[in-house]
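Breakdown of the fold
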Amino acid sequence: MLKTTALRAAAAATAALLTATACSSQRGQDAQDTAAAGACKGQQTTGITDSTIKLGGIYPLSGPASAYGTISKGVSAYFRYVNDKGGIDGRKVRFIVRDDGYQPPKAVEEARRLVEQEKVFAVFQTLGTPSTAAVWDYLGKQKVPQPFVATGASIWGTDHEHPWTIGWQPNYVAEARVYAKYLRDRRPHAKVAVLYQNDDFGRDLLGGFRKALAGSGVRVVAAESYEVTDPSVSAQMASLARSGADVLLDVTTPKFGSQALAADARNTRWNPLHIVNNVSSSAAVLRPVGFRNVQGVVSATYFKDPADPRWAKDPEMRTYMKAMREYAPGADPADQFNAYGWAVAASLHKALDTMKCPTREGLRDAVRHLKDVKVGLLLPGVTLSTGPGDAFPIETMRLMRFKGERWQLFGEPVDTRKEFGPLTK
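Everything numeric here is computed off the predicted structure, so don't read it as measured data.

Remarks on the overall build of the protein
On a plain count of helices and strands, the protein comes out with 14 helices and twelve strands. Over its C-alpha atoms the protein spans a radius of gyration of 21 Å, differing by no more than 12% from the 22 Å that the globule rule assigns to 425 residues. Along the first, second and third principal axes, the C-alpha set of the protein runs to 70 × 50 × 40 Å. When the 425 residues of the protein are sorted by exposure, 58% land in the buried category.

Right under this line is the structure:
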């Protein structure tokens, strides 16, 4: 899949800022960066020593996507827990969190701060497609790893010009394929209405959904988009209700996910099967709507839900719960976003353990050569795998349905690599 117009626009919007500071920034960086010797001669060791690793993360702690900000608490809790256990290969992790307010220009500013002032080893977890797109050219030129970005845009795995950047969660096309397979198998003549965010996130998932439906009797009969700056999606939901669709595919970020679910609950004359994408499936999104109003909603996941009692005796879940209470006492351990943060931090730990060289280049290569790596909070059957021609660590998901006060898994894991083939440009 080729770069979209919005991705190019994000890069263009920051080009002037980066160009204006390139010379002075490079001089400052050259003066302080360090390089390895021996078998790893010439590779960058900025931000990593025999006893420490300095990582930076950029999240929307404020702004329209601030619900995602709590992910950083799960990440931080993991690293604090690991540090108290001796660190990663004897190295204590310092994790520096910056707020971009879900604004690409601010993400660029914070990325430069992390690289040029904080001298981080890697920028781990930039959240959101727009912000990640705004900084990946800069980080690539600086040769700073940008591992496991918190966005499922397929471009992170299909683009070959940015080897320093890679995703983690199932890409949006893979997720769309899971919903398409479900409808093809269970509702072969479904009429689908789609609400989607008008950016690369929304269009990526919608495009993957349409393509996965090709040749089936399932049809998209209506689609309405919204802007992240819109106050609400009430008008879009009213329009979609008039379509007569019997399925609603809800491709939204948390704020708008809550609004869409609430609008659906209020409209008693329209009762479609409501499928909400994974990034808006957290209890934090559903709770304001009222759990009684979201019964039967369907989504997909790939990691264990901390609110599901089936995992109460799971060793990793027990470790996670205890660590969250100790290292992030103000955060809700049952919040899926916090569990996401723990799982992705544990995944980075695994990648760091496999580095052939303790360098930026070593991490860049390690995340692209993962082989069925197990991570404690990922669902059974879900592992991390990457390799030549496949830069998507996770492409297996399971469906889940909301019942009572929590999500309940159903069906078997869907390996979208096997079901639909590899995703390419």
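Moving on from the model shown.
Section: the packing of aromatic side chains
Remark: the centre distance and the inter-plane angle together describe each pair of aromatic rings, the angle taken between the planes. Tallying each qualifying case throughout the model produces 19 aromatic pairs. Residues Tyr182 and Phe410 carry aromatic rings whose centres are separated by 5.8 Å and whose planes lie at 65° to one another, so their mutual orientation is edge-to-face. With Tyr182 in helix H6 (residues 172-186) and Phe410 in strand E12 (residues 406-415), this residue pair connects regions lying 228 residues apart in the sequence. Take Tyr182 and Phe410: they sit in the same class, and that class is buried. Connected via pairs of aromatic rings, a cluster forms that spans Tyr59, Tyr78, Phe79, Tyr81, Phe95, Phe124, Tyr320 and Trp342.

Overview of the packing of helix H3 (residues 104-117) against helix H4 (residues 129-142)
Here H3 crosses H4 at 30°, and the two axes come no closer than 8 Å. When the axes of H3 and H4 are compared, the crossing they make is right-handed. On H4, the residues touching Pro104, Ala107, Val108, Ala111, Arg112, Val115 and Glu116 of H3 are Pro130, Ser131, Ala134, Val135, Tyr138, Leu139 and Gln142.

Regarding the state of the cysteines
With the rule as written, the count across this model stands at one disulfide. Disulfide pairing places Cys40 opposite Cys357 at an S-S distance of 2.0 Å. Since a negative S-S torsion denotes a left-handed disulfide, the Cys40-Cys357 link at about -90° is left-handed. Here Cys40 is found in the loop between helix H1 (5-32) and strand E1 (52-59), whereas its partner Cys357 is found in the loop between helix H12 (336-353) and helix H13 (360-366), with 317 residues between them in sequence. The residues Cys40 and Cys357 share a single accessibility class, namely buried.

Points about the sheet that holds strand E2 (residues 92-99)
A sheet is described by the order of its strands in space; here three strands give the open sequence E2-E1-E3, paired in parallel fashion. The sheet is open, and its two borders are formed by E2 and strand E3 (122-126), each paired with just one other strand. Mean inter-strand twist for the sheet, computed between neighbouring axes without regard to direction, equals 25°. The pairing of E1 with E3 spans three bridges and is parallel. Residue pairing across strands places Leu55 opposite Ala122, the latter belonging to E3. Strands E1, E2 and E3 of the sheet are contacted by helix H2 (residues 71-84), whose axis makes an angle of about 165° with E2.

Considerations on the packing of helix H11 (residues 315-327) against H12
Closest axis-to-axis distance for the H11/H12 pair is 11 Å, and the angle between their directions is 110°. As the angle between them shows, H11 and H12 are arranged roughly perpendicular. Each of Glu316, Thr319, Tyr320, Ala323 and Met324 in H11 lies in contact with H12, whose residues at this interface are Asn338, Ala339 and Trp342. Within the contact of H11 with H12, the residues separate by chemical class into five nonpolar, two polar and one charged.

Points about the pattern of salt bridges
Going through the model one piece at a time under the given rule, you end up with 15 salt bridges. The residue Glu109 makes a salt bridge to Arg113 at a minimum N-O spacing of 3.3 Å. With Glu109 and Arg113 both in helix H3 and four residues apart, this pair spans about one turn of that helix. For Arg113, a relative accessible area of 24% puts it in the partly exposed group. Ionic pairing is found between Asp185 and Lys181, a salt bridge with its closest N-O pair at 3.0 Å.

Describing the nonpolar core
Judged by nonpolar contacts, the single largest core of 109 residues is most densely connected at Phe79 and Trp168. By residue number, the principal contributor to this core is H12, which donates eleven residues. Setting aside chain neighbours within four positions, we find Trp168 in contact with Phe148, Val149, Tyr302, Tyr340, Ala343, Val344, Ser347, Leu378, Leu384, Pro393 and Ile394.

Digging into the environment of Arg368
Structurally, Arg368 is set in the loop between H13 and strand E11 (396-403). On a C-alpha basis, the gap between Arg368 and Gly387 in space is 5.6 Å, while along the polypeptide they are 19 residues apart. Residues contacting Arg368, with those up to four places away along its chain left out, are His162, Pro163, Thr165, Ile166, Thr386, Gly387 and Ala391.

Thoughts on the confidence of the model for the protein
Of the residues in the protein, 92% have a pLDDT of 70 or more, and the chain-wide mean is 92. Within the model, the stretch residues 1-6 combines pLDDT values under 50 with 18 contacts to residues more than four positions away or in other chains. Confidence drops under a pLDDT of 50 for residues 15-31, and excluding neighbours within four residues, the segment shows 14 contacts in the predicted structure.

Let's talk about helix H8 (residues 234-241)
Among all positions in H8, only Gln236, Met237, Leu240 and Ala241 are buried. Axial view of H8: buried residues confined to an arc of 135°, hence all on one face.

Calculation criteria
Residues numbered from 1 in each chain as written. Predicted model: local features only at pLDDT ≥ 70, side-chain atom pairs only at ≥ 80, totals over all residues. Heavy atoms only, no water. Helix = DSSP H or I, 4+ residues; strand = E, 2+ residues; numbered from the N terminus. Rg over C-alpha atoms; globule rule 2.2 N^0.38 Å. Buried < 20%, exposed > 50% of the residue type's maximum accessible area, 1.4 Å probe, protein only. Phe/Tyr/Trp six-rings, centres within 6.5 Å; stacked < 30°, edge-to-face > 60°. Axes fitted to C-alpha atoms, helices over the stretch in contact; angles between N-to-C directions. Left-handed = near helix turned anticlockwise from the far one by under 90°. Contact = heavy atoms within 4.5 Å. Disulfide = S-S within 2.5 Å. Pairing = 2+ DSSP bridges. Parallel < 35°, antiparallel > 145°, perpendicular 65-115°, else oblique. Nonpolar A, V, L, I, M, F, W, Y, C, P; charged D, E, K, R; others polar. Salt bridge = Lys/Arg side-chain N within 4 Å of Asp/Glu carboxyl O. Core = buried A, V, L, I, M, F, W, Y, C linked by side-chain atoms within 4.5 Å. pLDDT = per-residue confidence, 0-100. Arc of directions from axis to C-beta.

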